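Listed below, chain by chain, are the residues.
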Amino acid sequence: MQFLFTLRSRGVTDRRTLEAMERIDRSAFVRGLFADRAWEDMPLPIACGQTISQPSVVGLMTQALDVQPRDKVLEVGTGSGYQAAILSLLARRVYTVDRYRRLVAEARATFEAMGLVNIVAATSDGSFGLPEQSPFDRILVTAAAEDPPPPLLAQLRVGGIMVLPVGQSDHVQSLIRVTRHETGYHYEELREVRFVPLVEGLGQD
Ligand code: SAH
């Protein structure tokens, strides 16, 4: 299928990631006008002025996260719910949070329609993480902060991995992978990316 071919040609080579992306219908997460462009490798607008990420970037982030079947995963930035749906096929449980109530409600409805029962979606400011469910084996942030938020670093289990874009909004950002060791954190820069900013507080909708 063309979609998978494009993903592979853009560096998404991990078998489990590709299988998950083959199973999750992206068009179910793109409502309205742009639904017929869901299979193109581009970001698309969703409600609340946000975007569903480009599939190849979703794939690269997912494979960099190296999710294991027993993992408890936190995603910050539910948006459409597409990324969370993919993670849910790879992990034991996925917690996903967004600052917009409306996006969380719509994503929940899509998860339910797809029978994805191991995702818990909540409205909250993800820069504080989800202390009551921590520690997490994996954390994925899909909005850009200037630096990794300290509460998220603290809520990562020793041996855990966090993938996130960092840098100033509207500038080029770097996708980084943070691995927590007994004695500290190891940082790797993966590539340049462009994400909407991580914003403090809850949204209006
Ligand atoms: N992962 C999404 C795309 C995310 S777009 C998908 O698969 O469709 C980034 C999202 O991060 C937006 O929905 C935005 O509302 C959310 N966001 C920004 N700042 C946030 C914060 N502090 N806490 C939680 N969500 C936040």
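All chains use their own residue numbering, which begins from 1 and follows the written sequence. It should be noted that, the model being predicted, local features are given only for residues of pLDDT at least 70 and side-chain atom pairs only at 80 or more, the latter also being counted only at that level, while totals for whole chains, interfaces and linings use all residues. Where side-chain values are given, they derive from all heavy atoms of the structure, hydrogens and water being excluded.

- The name given to the protein in an unreviewed UniProt entry is Protein-L-isoaspartate O-methyltransferase, with Wenxinia saemankumensis as the source organism.
- A UniProt comment under Subcellular location (unreviewed entry) is attached to the protein, and it reads "Cytoplasm".
- UniProt positions are given in the numbering used here, feature names are shortened, and annotations may be inferred rather than shown by experiment. The Sequence similarities (unreviewed entry) comment attached to the protein in UniProt states, word for word, "Belongs to the methyltransferase superfamily. L-isoaspartyl/D-aspartyl protein methyltransferase family."

**Description of the overall build of the protein**
Move 1: Each helix is a run of H or I in the DSSP string that is no shorter than four residues. Each strand is a run of E no shorter than two, and both are numbered from the N terminus. When you go through the protein residue by residue, the secondary structure sums to six helices and nine strands.
Move 2: Whereas a compact globule of 205 residues would reach a radius of gyration of roughly 17 Å, the protein reaches 15 Å, a difference of no more than 12%.
Move 3: In terms of principal-axis extent, the alpha carbons of the protein reach across some 50 × 40 × 35 Å.
Move 4: Classification of residues uses two cut-offs on accessible area relative to the type maximum, computed with a 1.4 Å probe and protein chains only: under 20% is buried, over 50% is exposed, and between them is partly exposed. Scored against the burial criterion, the 205 residues of the protein give a buried share of 52%.
Move 5: Method for areas: the Shrake-Rupley scheme with a 1.4 Å probe, in which residue coverage is limited to the protein chains shown. A total of about 9700 Å² of accessible surface is found on the protein, and carbon and sulfur atoms cover 49% of it.
Move 6: Put simply, the protein has 22 plus and 25 minus side-chain charges, and the middle of one group is 5 Å from the middle of the other. Radius of gyration here is computed from C-alpha atoms only, and the compact-globule reference equals 2.2 Å multiplied by the residue count raised to the power 0.38. In summary, the charge assignment counts Lys and Arg as positive and Asp and Glu as negative, without counting His or the chain termini. Charged side chains are reduced to one point each, which is NZ for Lys, CZ for Arg, CG for Asp and CD for Glu.

**What about the UniProt feature "active site" (unreviewed entry) in the protein?**
Move 1: With numbering matched to this structure, UniProt assigns "active site" (unreviewed entry) to Ser53.
Move 2: Its place among the elements puts serine 53 in the loop between β2 (51-52) and α3 (55-65).
Move 3: The contact partners of serine 53, leaving out residues within four places of it in the chain, are Arg26, Met42, Pro43, Val58 and Phe195. Residue contacts follow a heavy-atom distance rule, with two residues in contact if any of their heavy atoms lie within 4.5 Å.

**Focus: the packing of α3 against helix α4 (residues 82-90)**
Move 1: Between α3 and α4, whose axes approach to 11 Å, the crossing angle comes to 35 degrees. Where α3 crosses over α4, the two elements pack in a sense that is right-handed. Packed against α3, whose contacting residues are Val58, Met61, Thr62 and Leu65, the element α4 presents Tyr82, Gln83, Ile86, Leu87 and Leu90 at the interface.
Move 2: The nonpolar class holds Ala, Val, Leu, Ile, Met, Phe, Trp, Tyr, Cys and Pro. Asp, Glu, Lys and Arg form the charged class, and all remaining residues, Gly among them, are polar. The residue inventory of the contact of α3 with α4, partitioned by class, reads seven nonpolar, two polar and no charged. Think of each axis as a best-fit line through the C-alpha atoms, taken over the contacting stretch in the case of a helix, with angles from 0 to 180 degrees between the N-to-C directions. For any helix crossing, the convention is left-handed if the near helix is rotated counterclockwise from the far helix by under a right angle, and right-handed if that rotation is clockwise.

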